[in-house]
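One letter stands for each residue in the lines below.
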Number of protein chains: 2
Amino acid sequence: MADNKKMVEAITSMDEDFAKWYTDIVKKAELIEYTSVKGCMVIRPYGYAIWENIQRILDGMFKETGHENVNMPMFIPESLLQKEKDHVEGFAPEVAWVTYGGSEKLEERLCVRPTSETLFCEHFANIVHSYRDLPKLYNQWVSVVRWEKTTRPFLRSREFLWQEGHTVHATAEEAIAETEQMLNVYTRFCEESLAMPVVQGRKTDSDKFAGAEATYCIEALMHDGKALQAGTSHYFGDGFARAFDIQFTDKNNQQQYVHETSWGVTTRLIGAIIMTHGDDNGLVLPPAVAPIQVVILPIAQHKPGVLDKAAELKARLAKIARVKLDDSDNSPGWKFAEYEMKGVPLRLEIGPRDIEQNQCVIVRRDNREKIVVSLDELEKRIPELLKDVHDGIYAKALANREKRTYACTAIEQIPAVMEEKGDGFIKAMWCGDEECEDKVKEITGVGSRCIPFAQEHLADTCVCCGKPAKHMVYWGKAY
Amino acid sequence: MADNKKMVEAITSMDEDFAKWYTDIVKKAELIEYTSVKGCMVIRPYGYAIWENIQRILDGMFKETGHENVNMPMFIPESLLQKEKDHVEGFAPEVAWVTYGGSEKLEERLCVRPTSETLFCEHFANIVHSYRDLPKLYNQWVSVVRWEKTTRPFLRSREFLWQEGHTVHATAEEAIAETEQMLNVYTRFCEESLAMPVVQGRKTDSDKFAGAEATYCIEALMHDGKALQAGTSHYFGDGFARAFDIQFTDKNNQQQYVHETSWGVTTRLIGAIIMTHGDDNGLVLPPAVAPIQVVILPIAQHKPGVLDKAAELKARLAKIARVKLDDSDNSPGWKFAEYEMKGVPLRLEIGPRDIEQNQCVIVRRDNREKIVVSLDELEKRIPELLKDVHDGIYAKALANREKRTYACTAIEQIPAVMEEKGDGFIKAMWCGDEECEDKVKEITGVGSRCIPFAQEHLADTCVCCGKPAKHMVYWGKAY
């Protein structure tokens with residue numbers, strides 16, 4: 001048990017220093033490694049396998065809803081980026097510029113895509129001519145670059161992986177329905193696959209995507225009470241269509257501009273998983289995206305029959321789950337700590353005595369509950385236990401959010417409640433003026449996260465200015 | 001049939017102008033679209049779906065052989081690129097340089113990866129310490145950038161998609177075995193999934209990858225008799241390990257350098273598919289990677305029962321193949337031409353008379369053979385027919401290669417035989433001197449493609465200088 005102790009000690013406790021706890025986990029669970037490229041990281045096999053599971057599930061949901069994958073260039077000529085005024089203003093300050101090809105200076109510099117609206121627009125203008133060509137429902141899985149000053153693994157890095165959906169439609173109604181549909185896809189994914197409850201809402205105007213008419217988002221609350229934007233879905237109206245001249249001939253032979261959307265989630269979701277479910281022993285992974293769902297640990301593996309039985313169980317369980325058998329000569333204590341650190345949902349221990357009794361011991365990662373299971377019932381019990389872990393961590397995350405969501409009706413309550421109970425979501429009424437939004441942030445330190453779809457009437461007046469309130473808003477400190 | 005005629009006429013015949021035929025196909029089959037980024041392209045849904053199938057199959061083969069996926073940054077600091085002398089000399093002239101982040105000039109410029117040996121080496125140096133850490137068998141699916149002057153869709157573009165495997169091993173033997181294993185994986189993939197026969201061999205020293213001790217390759221012969229390098233696998237020895245100081249402690253507690261490999265295939269494979277199997281009606285896709293394997297075309301679809309039956313067949317066949325039902329109001333003639341252009345392996349026609357007789361007509365794309373199949377036997381016949389198409393196009397490609405492979409024992413025979421019979425592979429003996437290699441190219445226009453593993457003794461002397469021959473070499477004009 002010496003190694004076990006050593007490994008556990010090596011992580012900072014989350015209550016002591018949440019930021020340090022987070023970076024300890026991304027390193028010790030072997031999710032990432034730093035590089036000499038500032039602000040960029042290596043996503044290691046275990047981290048990338050989580051992303052592959054996220055991709056596989058989401059990609060299936062995108063295809064079920066009629067989307068097709070494409071691949072756009074990674075470069076955007078400066079003149080193309082400049083075509084939509086708000087968009088270029090939002091992104092130009094944070095792009096990386098390519099100025100040389102080999103030893104030759106480029107005539108026009110190219111930015112590395114921070115997002116690809118401009119490229120998709122150029123393409124749509126080329127291929128959309130008639131109402132018969134609509135809608136186009138495209139997505140791509142790529143990396144993008146934003147020249148951030150301060151970076152943190154998964155949460156904010158200069159290069160990150162994401163998917164970006166881009167669609168064009170004949171009508172505003174269709175485009176708005178698409179924006180909502182994709183926000184619902186993200187919500188369902190977060191809840192059903194990541195066990196992460198989210199709040200759906202609309203960003204205030206000051207927080208909209210550069211060039212959007214409306215930005216919808218899902219917001220999650222991390223274990224430390226900070227908010228994290230987990231996904232966004234934008235409705236562009238015909239703004240980009242006008243800037244890029246994307247017109248089609250409708251059924252009445254009239255020229256019309258298309259209506260457009262875009263939507264995306266990123267490797268930031270891995271950061272969200274860590275900060276939603278992790279504990280002082282390391283990662284806790286939602287079963288749906290865990291690279292290893294069950295780790296089989298033989299106990300007293302030198303005794304005759306133990307390794308054979310463990311291998312037999314592995315072969316059986318590989319049909320119903322992602323299973324790993326660790327028959328290395330590390331001590332059981334080291335292995336317990338290792339797979340707890342890696343957040344494997346279920347640990348299956350099998351030793352000589354278990355074999356005699358035709359049973360094994362299964363330990364849940366989330367609450368460490370030990371369950372004795374007959375070897376004859378594994379095919380039935382493992383899926384049930386994986387579901388139990390999912391439900392358990394979802395309930396815990398939801399309870400954390402509920403405990404940390406505070407309704408305030410006066411601005412001075414905001415810092416007071418957070419001082420007393422810790423950071424969290426503040427629910428408060430807002431008049432709709434950007435001035436009040438800024439003032440709340442300035443005075444209390446919390447920014448608007450979203451205007452939730454599920455509105456509540458907490459008061460008649462704005463928490464800041466006292467004028468009539470238009471919306472109930474979620475506010476919070478954010479990653 | 002008017003539309004049918006129109007579409008077919010729109011492609012240049014391959015005998016008339018092979019290059020134009022090629023670009024006609026990539027556009028008309030909707031594989032790519034050009035962009036305002038010179039030398040870069042949009043891979044459209046139909047083209048990207050082919051790549052997704054290639055990825056899925058190859059990724060499975062990589063994982064079966066123990067490889068794990070990771071993700072490295074897309075940027076390489078100039079100082080890192082320069083660490084291995086041969087490598088930087090080979091790549092520096094053709095990289096894109098990022099010099100600004102936002103409005104700030106970077107202290108050190110970064111190139112967009114042309115390949116990622118340097119990044120993997122830096123990472124391996126960080127994570128490999130002991131023999132217990134070896135081997136590391138990594139791969140990534142990303143895009144890379146090489147600033148080419150002349151570009152052609154899929155064959156040579158400034159940005160292209162690929163996978164790059166990078167592995168480190170304790171011994172030279174293991175690394176060499178890995179290099180060979182991956183060349184065999186590529187060969188099997190090309191033959192079994194792309195129906196494309198390839199020649200396995202080693203590159204001559206002048207054609208090695210920058211920084212490699214040995215480069216192995218698979219070479220395919222296109223329909224026009226030009227050669228195309230379809231995949232490469234490099235053995236690096238400990239050259240990179242020394243440049244990047246990647247050392248490990250062996251079992252005897254001695255410090256050793258690792259031995260390294262890398263290997264890759266690219267979206268160029270899609271170009272190879274087009275030029276190996278395509279014909280004057282368009283693409284001909286190998287069933288294993290065809291986005292649509294069977295297209296169902298209802299005949300006289302306004303007649304009662306036809307569309308219902310077609311939909312019923314679609315639901316049945318979706319369980320065993322990738323199926324599309326086209327019940328649009330385009331004419332059958334237009335549809336025939338459309339799916340021939342797109343290279344769909346099997347076309348299933350179902351009309352009122354077929355339904356009466358409980359049968360349908362299946363037409364093979366490769367040879368246009370019409371087969372009447374009982375509706376009761378579809379689940380058995382469709383997989384057989386897909387296999388027949390695969391075998392048919394493989395045999396045709398092999399026959400083309402055999403017909404176009406010429407043994408020459410004197411240098412003057414080379415241009416003569418190509419003049420008489422058309423371009424192809426030249427088999428000829430070589431003394432091993434780079435001077436002779438260059439001279440053959442200069443005089444005859446064909447370059448060395450590889451020293452094939454399957455050696456033949458055609459003569460005792462070099463085809464160029466007459467000195468004793470060391471190897472039989474495949475020569476050819478290349479894409």
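Residues numbered from 1 in each chain as written. Chains lettered and ligands numbered in written order. Predicted model: local features only at pLDDT ≥ 70, side-chain atom pairs only at ≥ 80, totals over all residues. Heavy atoms only, no water.

Draft legend 1. Structural view of the overall build of chain A. Helices and strands together make up the secondary structure of chain A, namely 15 helices and 23 strands. For chain A, the C-alpha radius of gyration of 25 Å lies close to 23 Å, the compact-globule estimate for 479 residues. Principal axes of the C-alpha set define a box for chain A whose edges measure 80 × 55 × 50 Å. Looking at chain A as a whole, 61% of its 479 residues are labelled buried. For chain A, long-range pairs separated by at least 24 residues make up 68% of all intrachain contacts whose partners lie at least 6 apart in sequence. Computed over 59 positive and 74 negative side-chain charges, the separation of the two mean positions in chain A equals 4 Å. (Helix = DSSP H or I, 4+ residues; strand = E, 2+ residues; numbered from the N terminus. Rg over C-alpha atoms; globule rule 2.2 N^0.38 Å. Buried < 20%, exposed > 50% of the residue type's maximum accessible area, 1.4 Å probe, protein only. Contact = heavy atoms within 4.5 Å. Lys, Arg positive; Asp, Glu negative; His and termini not counted. Charge placed at Lys NZ, Arg CZ, Asp CG, Glu CD.)

Draft legend 2. Quick look at the relation of the copies chain B and chain A. For the pair chain B and chain A, the best superposition has an RMSD of 0.0 Å and corresponds to a rotation of 180° with a translation of 0.0 Å parallel to the axis. Such values leave the two copies arranged in the relation of a two-fold axis. The position closest to the rotation axis in chain B is occupied by the C-alpha of Val98(B), lying 2.1 Å away. Taken together, the interface assignments show that 100% of the residues at the interface of chain B recur at the interface of chain A, consistent with an identical surface on both copies. (Least-squares fit on C-alpha atoms with pLDDT ≥ 70 in both.)

Draft legend 3. The packing of aromatic side chains, seen in detail. Residue and element names in this part refer to chain B. One pass over the full model with this rule turns up 32 aromatic pairs over all chains. Taken together, a centroid distance of 5.4 Å and an interplanar angle of 55° make the contact between Phe 91 and Phe 209 tilted. Of this pair, Phe 91 sits in helix H5 (residues 85–91) while Phe 209 sits in the loop between strand E9 (199–202) and strand E10 (214–221); the two residues are 118 residues apart in sequence, bridging distant segments of the chain. Side by side, Phe 91 and Phe 209 carry an identical accessibility label, which is buried. (Phe/Tyr/Trp six-rings, centres within 6.5 Å; stacked < 30°, edge-to-face > 60°.)

Draft legend 4. Just the sheet that holds strand E3 (residues 68–69) of chain B, in detail. All names here are of chain B. Ordered in space as E3-E7-E8-E14-E11-E10-E9-E22-E23-E21-E20, the eleven strands form an open sheet in which the pairing is mixed. Each end of this open sheet is capped by a strand with a single partner; those strands are E3 and strand E20 (405–407). By the bridge criterion, three bridges tie strand E22 (residues 447–452) to strand E23 (residues 471–476) in an arrangement that is antiparallel. In the sheet register, Cys 450 faces E23, and the bridge partner there is Tyr 474. (Pairing = 2+ DSSP bridges.)

Draft legend 5. Up close: the pairing of strand E9 (residues 199–202) of chain A. Residue and element names in this part refer to chain A. Bridge count for E9 against strand E10 (residues 214–221) is four bridges, and the pairing is antiparallel. Paired with Gly 201 across the strands is Cys 217, a residue of E10. Strand direction decides the pairing type here: E9 and strand E22 (residues 447–452), joined by two bridges, are antiparallel. Bridging from a neighbouring strand, Arg 202 pairs with Ile 451 of E22.

Draft legend 6. Structural view of the confidence of the model for chain A. Residue and element names in this part refer to chain A. Of the residues in chain A, 98% reach a pLDDT of 70 or more, and the chain-wide mean stands at 96. Here residues 1–6 is modelled with pLDDT under 50, and outside its nearest four sequence neighbours on either side it reaches five contacts, counting other chains as well. The ipTM for the predicted assembly is 0.96, set against a pTM of 0.97. (pLDDT = per-residue confidence, 0-100.)

Draft legend 7. The arrangement of unusual backbone geometry in detail. The peptide bond linking Leu134(A) to Pro135(A) adopts the cis configuration, its omega dihedral lying at -10°. The residue Pro135(A) is located in the loop between helix H6 (117–127) and strand E7 (136–145) in this model. Phi is positive for Phe154(B), close to 70°, though the residue is something other than glycine. Looking at the element boundaries, Phe154(B) is found in the loop between strand E7 (136–145) and strand E8 (159–169). You will see that Asn358(B), though not glycine, has its phi angle at about 55°, which is positive.

Draft legend 8. Quick peek at the packing of helix H10 (residues 306–317) of chain A against helix H13 (residues 378–403) of chain A. Residues and elements named next belong to chain A. Contact geometry of H10 with H13 gives a least axis separation of 11 Å together with a crossing angle of 65°. Regarding the angle of H10 to H13, the classification is roughly perpendicular. The handedness of the crossing between H10 and H13 comes out as right-handed. Mapping the contact onto sequence places Leu 313, Arg 316 and Leu 317 in H10 and Leu 378, Glu 379 and Ile 382 in H13. In terms of residue class, the contact of H10 with H13 is made up of four nonpolar, no polar and two charged. (Axes fitted to C-alpha atoms, helices over the stretch in contact; angles between N-to-C directions. Parallel < 35°, antiparallel > 145°, perpendicular 65-115°, else oblique. Left-handed = near helix turned anticlockwise from the far one by under 90°. Nonpolar A, V, L, I, M, F, W, Y, C, P; charged D, E, K, R; others polar.)

Draft legend 9. Molecular detail of the nonpolar core. Ranked by internal contacts, the top residues of the largest apolar core, which has 82 residues, are Phe75(A), Val98(A), Val112(A), Phe75(B), Val98(B) and Val112(B). Residue contacts for Val98(B): discarding those within four places in its chain leaves Ala96(A), Trp97(A), Val98(A), Val112(A), Phe75(B), Leu106(B), Arg109(B), Leu110(B) and Val112(B). One finds Phe18(B), Tyr48(B), Leu194(B) and Tyr235(B) within the second-largest nonpolar core, a separate group that totals 64 residues. (Core = buried A, V, L, I, M, F, W, Y, C linked by side-chain atoms within 4.5 Å.)

Draft legend 10. Examining the state of the cysteines more closely. The final tally for this structure, using the stated rule, is zero disulfides over all chains. For Cys450(B), which is in no disulfide, the shortest distance to another cysteine sulfur is to Cys217(B) and amounts to 4.6 Å. (Disulfide = S-S within 2.5 Å.)

Draft legend 11. Region of the structure containing the sheet that holds strand E17 (residues 346–350) of chain A. Residue and element names in this part refer to chain A. Here five strands make up an open sheet; going across it, the order is E16-E15-E17-E18-E19 and the pairing mixed. Only two strands of the sheet have a single partner each, and these edge strands are strand E16 (323–325) and strand E19 (370–374). Each neighbouring strand pair of the sheet contributes to a mean axis angle of 25°, computed without reference to strand direction. In the sheet, E17 pairs with strand E18 (residues 359–364) via four bridges, with the strands oriented antiparallel.

Draft legend 12. The arrangement of the interface of chain B and chain A in detail. The interface of chain B with chain A comprises 55 residues on the first partner and 55 residues on the second. Approximately 4,400 Å² of surface area, both sides summed, lies buried where chain B meets chain A, with 57% of it carried by carbon and sulfur atoms. The largest contributions to the chain B side of the interface with chain A come from Pro45(B), Asn71(B) and Met74(B), which together make up 13% of the buried area. Counting the contacts that link chain B with chain A gives five salt bridges. (Buried area = accessible area lost by both parts, 1.4 Å probe. Salt bridge = Lys/Arg side-chain N within 4 Å of Asp/Glu carboxyl O.)

Draft legend 13. The arrangement of the layout of surface pockets in detail. When its volume is computed, the second largest pocket comes out at roughly 2,100 Å³. Considering the residues around the second largest pocket, the lining is formed by 48 residues, among which Glu30(A), Lys324(A), Glu338(A), Lys342(A) and Lys136(B) are closest to the centre. Top contributing element to the lining of the second largest pocket by residue count: helix H3 (residues 45–64) of chain A, with seven residues. Here the residues of the lining of the second largest pocket sort into 18 nonpolar, nine polar and 21 charged. (1 Å grid on protein atoms, 1.4 Å probe; cavity = no way out; pocket = protein on both sides within 12 Å on 5 of 7 lines; lining within 4 Å. Points joined across faces, edges and corners; volume = space filled by probe spheres on them.)

Draft legend 14. View of the pairing of strand E14 (residues 259–266) of chain B. Residue and element names in this part refer to chain B. When you tally the buried positions in E14, you get eight out of eight residues, the bulk of the element. Side chains His 259, Thr 261, Trp 263 and Val 265 of E14 all project onto a buried face; the interleaved residues Glu 260, Ser 262, Gly 264 and Thr 266 project onto the opposite face, where all are buried too. As judged from the five bridges shared by strand E11 (residues 227–237) and E14, these two strands associate in the antiparallel manner. Paired with Tyr 235 across the two strands is Thr 261, which belongs to E14.

Draft legend 15. Representation of the pattern of salt bridges within the structure. The full count for this structure, using the stated rule, is 57 salt bridges over all chains. Put simply, Glu379(A) and Arg316(A) hold a salt bridge, and the shortest N to O gap is 2.8 Å. Within this pair, whereas Glu379(A) is found in helix H13, its partner Arg316(A) is found in helix H10, the two being separated by 63 residues in sequence. Residue class for Glu379(A) comes out partly exposed when judged on its relative accessible area of 33%. Residue Glu349(B) is joined to Arg347(B) by a salt bridge in which the shortest nitrogen-to-oxygen separation is 2.9 Å. One exposure class covers both Glu349(B) and Arg347(B), and it is buried. Each member of the salt-bridge network shares a partner with another, and the members are Lys203(A), Asp207(A), Glu219(A) and Arg449(A).

Draft legend 16. Region of interest: the side chain of Ser130(A). Residue and element names in this part refer to chain A. Examined against the element boundaries, Ser 130 turns out to sit in the loop between H6 and E7. Engagement of the side chain of Ser 130 in a polar contact is seen with the backbone nitrogen of Arg 132, the distance being 2.9 Å. With sequence-adjacent residues up to four places away left out, Ser 130 is seen in contact with Phe 248 and Thr 249. (Polar contact = N/O pair within 3.5 Å; in protein donor to acceptor, adjacent residues only side chain to side chain.)

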